[in-house]
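# Geometric and topological summary
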Amino acid sequence: MVERSSKFLLIVVGSVCFMLILYQYVAPGVINLGSPHGYFAEEDEGDIFPTPDPHYVKKYFFPVRDLERTIDFQIKGEDVIVFLHIQKTGGTTFGRHLVQNVRLEVPCDCRPGQKKCTCYRPNRKETWLFSRFSTGWSCGLHADWTELTNCVPGVLNKKENKQKNLRKFYYITLLRDPVSRYLSEWRHVQRGATWKTSLHMCDGRTPTPEELPSCYEGSDWSGCTLQQFMDCPYNLANNRQVRMLADLSLVGCYNMSTVPEKKRAQLLLESAKKNLRDMAFFGLTEYQRKTQFLFERTFRLRFIRPFMQYNSTRAAGVDLDNATVQRIEELNELDMELYDYARDLFQQRYQYTRQQERRQQRIKNHMQQNHQGLGLGVSLWPSHSRQSTLEDGDSEREEAEEGGRTEEAGGRLPTEDYMNQIINRW
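In what follows, the accompanying structure is described. (Residues numbered from 1 in each chain as written. Predicted model: local features only at pLDDT ≥ 70, side-chain atom pairs only at ≥ 80, totals over all residues. Heavy atoms only, no water.)

## Looking at the state of the cysteines
A full pass over the atoms with the stated rule returns 5 disulfides. With a sulfur-sulfur separation of 2.1 Å, Cys108 is cross-linked through a disulfide to Cys119. A torsion of 115° about the S-S bond marks the disulfide between Cys108 and Cys119 as right-handed. Remark: Cys119 occurs in the loop between strand S2 (102-103) and strand S3 (120-121) and Cys108 occurs in the loop between S2 and S3; sequence separation between them is 11 residues. As far as burial versus exposure is concerned, Cys108 and Cys119 are alike and both buried. Within the protein chain, bonded cysteines paired by disulfides and numbered along the sequence follow the pattern 1-4, 2-3, 5-6, 7-10, 8-9. No disulfide involves Cys224; its nearest neighbouring cysteine sulfur is the one of Cys215, lying 9.1 Å away. A residue is classified by how much of its surface remains accessible, and Cys224, at 1% relative accessible area, is buried. (Disulfide = S-S within 2.5 Å. Helix = DSSP H or I, 4+ residues; strand = E, 2+ residues; numbered from the N terminus. Buried < 20%, exposed > 50% of the residue type's maximum accessible area, 1.4 Å probe, protein only.)

## Side note on the packing of helix H5 (residues 178-190) against helix H10 (residues 322-331)
Relative orientation of the contacting elements H5 and H10 amounts to 95°, with a least axis distance of 10 Å. If you check the angle between H5 and H10, you find them roughly perpendicular. Where H5 approaches H10, its residues Val179, Tyr182 and Leu183 are matched on the opposing element by Ile328, Glu329 and Leu331. (Axes fitted to C-alpha atoms, helices over the stretch in contact; angles between N-to-C directions. Parallel < 35°, antiparallel > 145°, perpendicular 65-115°, else oblique. Contact = heavy atoms within 4.5 Å.)

## Observations concerning helix H8 (residues 261-278)
Residues three or four positions apart in an α-helix share a direction because the helix packs 3.6 residues into each turn. Between its terminal C-alpha atoms H8 stretches 26 Å, which fits the 26 Å expected from 18 residues at 1.5 Å a residue. If you check which residues of H8 are buried, you get Arg264, Leu268, Leu269, Ser271, Ala272, Lys273, Asn275 and Leu276. For H8, the secondary structure elements touched by its buried residues are helix H4 (145-159), strand S6 (168-175), helix H7 (240-245), strand S7 (281-284) and helix H11 (333-372). (Expected span 1.5 Å × (residues − 1).)

## As for the pattern of salt bridges
All told, the structure shown has 16 salt bridges when counted by the stated rule. Between Lys76 and Glu105 there is a salt bridge, with its nearest N and O atoms 3.5 Å apart. Here Lys76, found in the loop between helix H2 (64-67) and strand S1 (79-84), pairs with Glu105, found in the loop between S2 and S3; they are 29 residues apart in sequence, far enough to count as distant. Linked by salt bridges that have partners in common, Glu78, Arg124, Glu126 and Lys162 make up one network. (Salt bridge = Lys/Arg side-chain N within 4 Å of Asp/Glu carboxyl O.)

## Overview of the nonpolar core
Counting residues in hydrophobic clusters, the biggest one holds 74 residues, and the most contacted among them are Phe295 and Phe299. For this core, the leading source of residues is H11, giving 9 residues. With sequence-adjacent residues up to four places away left out, Phe295 is seen in contact with Ile81, Phe94, Leu98, Ile172, Phe281, Arg300, Leu301 and Phe303. Of all hydrophobic cores here, the second largest spans 18 residues; its members include Leu141, Leu183, Phe229 and Met230. (Core = buried A, V, L, I, M, F, W, Y, C linked by side-chain atoms within 4.5 Å.)

## Brief notes about the side chain of Arg264
Relative to the helices and strands, Arg264 resides in helix H8. It is Glu261 that comes nearest to the buried, bridge-free Arg264 among opposite-charge side chains, at 8.3 Å. For Arg264, the contacting residues outside a window of four places in its chain are Val251, Cys253, Tyr254, Asn255, Met256 and Val259. (Lys, Arg positive; Asp, Glu negative; His and termini not counted.)

## Details of helix H9 (residues 288-299)
Between the first and last C-alpha of H9 there are 17 Å, a value that for 12 residues agrees with the 16 Å anticipated at 1.5 Å per step. Of all 12 residues in H9, 12 are buried, a share of seventy percent or more. Within H9, the full set of buried residues consists of Gln288, Arg289, Lys290, Thr291, Gln292, Phe293, Leu294, Phe295, Glu296, Arg297, Thr298 and Phe299. In this structure, the buried side of H9 is in contact with S1, helix H3 (91-100), S6, S7, strand S8 (302-303) and H11. Of the residues one or two after H9, Arg300 is the one with positive phi, at around 55°.

## Some remarks on the sheet that holds S1
The strand order S5-S1-S6-S7 describes an open sheet built from 4 strands, whose pairing is parallel. Strand pairing shows two members of the sheet lacking a second neighbour, strand S5 (129-130) and S7, which therefore form its edges. Bridge analysis of S1 against S6 gives 6 bridges, and the strand direction is parallel. In the strand pairing of S6, Phe83 is matched with Ile172. Contacting S6 and S7, H11 runs over the sheet at an angle of about 105° to S7. (Pairing = 2+ DSSP bridges.)

## Observations regarding the packing of aromatic side chains
In total, this model carries 22 aromatic pairs according to the counting rule given. With a centroid separation of 6.2 Å and an interplanar angle of 80°, the aromatic rings of Phe94 and Phe307 are classed as edge-to-face. One end of the pair, Phe94, is in helix H3; the other, Phe307, is in the loop between S8 and H10, and 213 residues separate them in sequence. The same class applies to Phe94 and to Phe307, which are both buried. Through a chain of ring-to-ring contacts, the aromatic side chains of Phe73, Phe83, Phe94, Trp128, Tyr170, Phe281, Phe295, Phe299, Phe303 and Phe307 assemble into a single cluster. (Phe/Tyr/Trp six-rings, centres within 6.5 Å; stacked < 30°, edge-to-face > 60°.)

Next comes the structure, spelled out in structure tokens:
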């Protein structure tokens, strides 16, 4: 009787172990005991990202060093991600992704009713993220590149009560089609937004009222028409993306008399291009899934839920004639050129990274085939230099990336059709 009971118990235990092992292979994303740092394993997420356009025509030449963006981000070390949040580029949504949607060993602590989350490193109470939703507007409301690069180190030293010179700062940002962004800002200002508490610090001081006059009298500019918005020569909405990404110290900050207007514009544009190119990462509002993909591959972090593309925005609901669109493009001439440059760099980075992953996948498949007969295992997590998430047959899964007018047609860039990007299993 005892011997029969022992055999029955052994069978039960063996069956449970077998089912657990089988379950890991069938549904690896549900019970994930082997993923390093609590990240997704490579086979967990499938391929939810758009297939690169094989007919994409490059506009600019970028060396490999500008396309390669894989960082061994040391969240337990001294590395810090700094998010430069430009108004009306989708930064609020992306900022929430950073504090609520990244799969981490120790997730950010976000409590109801609080505007900020606590994003500590897994091994100590120091922040790894400098952003609106983690550290607040510590360097001023919507601080730009000039402000952040001069402010962030000192702010963190003060917050953590220690002097550190070994931190690595990885700057990231989002850009948006200039016409759409401009219209979105106008609608926001029309509802009463001002951002008048922004510091605009440069070379150790804020601009004088003569250097930065106001476009309105009173507490805000609510109710302003689009024509009034466009007519103000001091409107910071004009070429905002270039101004916020450039080193303003190169042109005497907000003192317009320091450098001739044409030279000032060229210096700002070239500075913005350089700073954007040198950033660890930047995304485009019009390409949410590609933005997610490049961020994950750059920092070797995974988002829990996929990004979604919302085509219905306040800017999209504004009916404009061609003359008005042309006027907005003229007011944002520098932003138009920067965005054209950024979009090409973004598409080339995406294409390059996918190609590298395909190459890595082929190598892994070849190694698995060679070792299968020997009974040897192959690591499912490649080195930090590259990651692989492609599945066989990826090239056959063509996904629609754009709706409306195509890139070749020029004009305002349409957004990706996110409905074609959503995988039912999410």
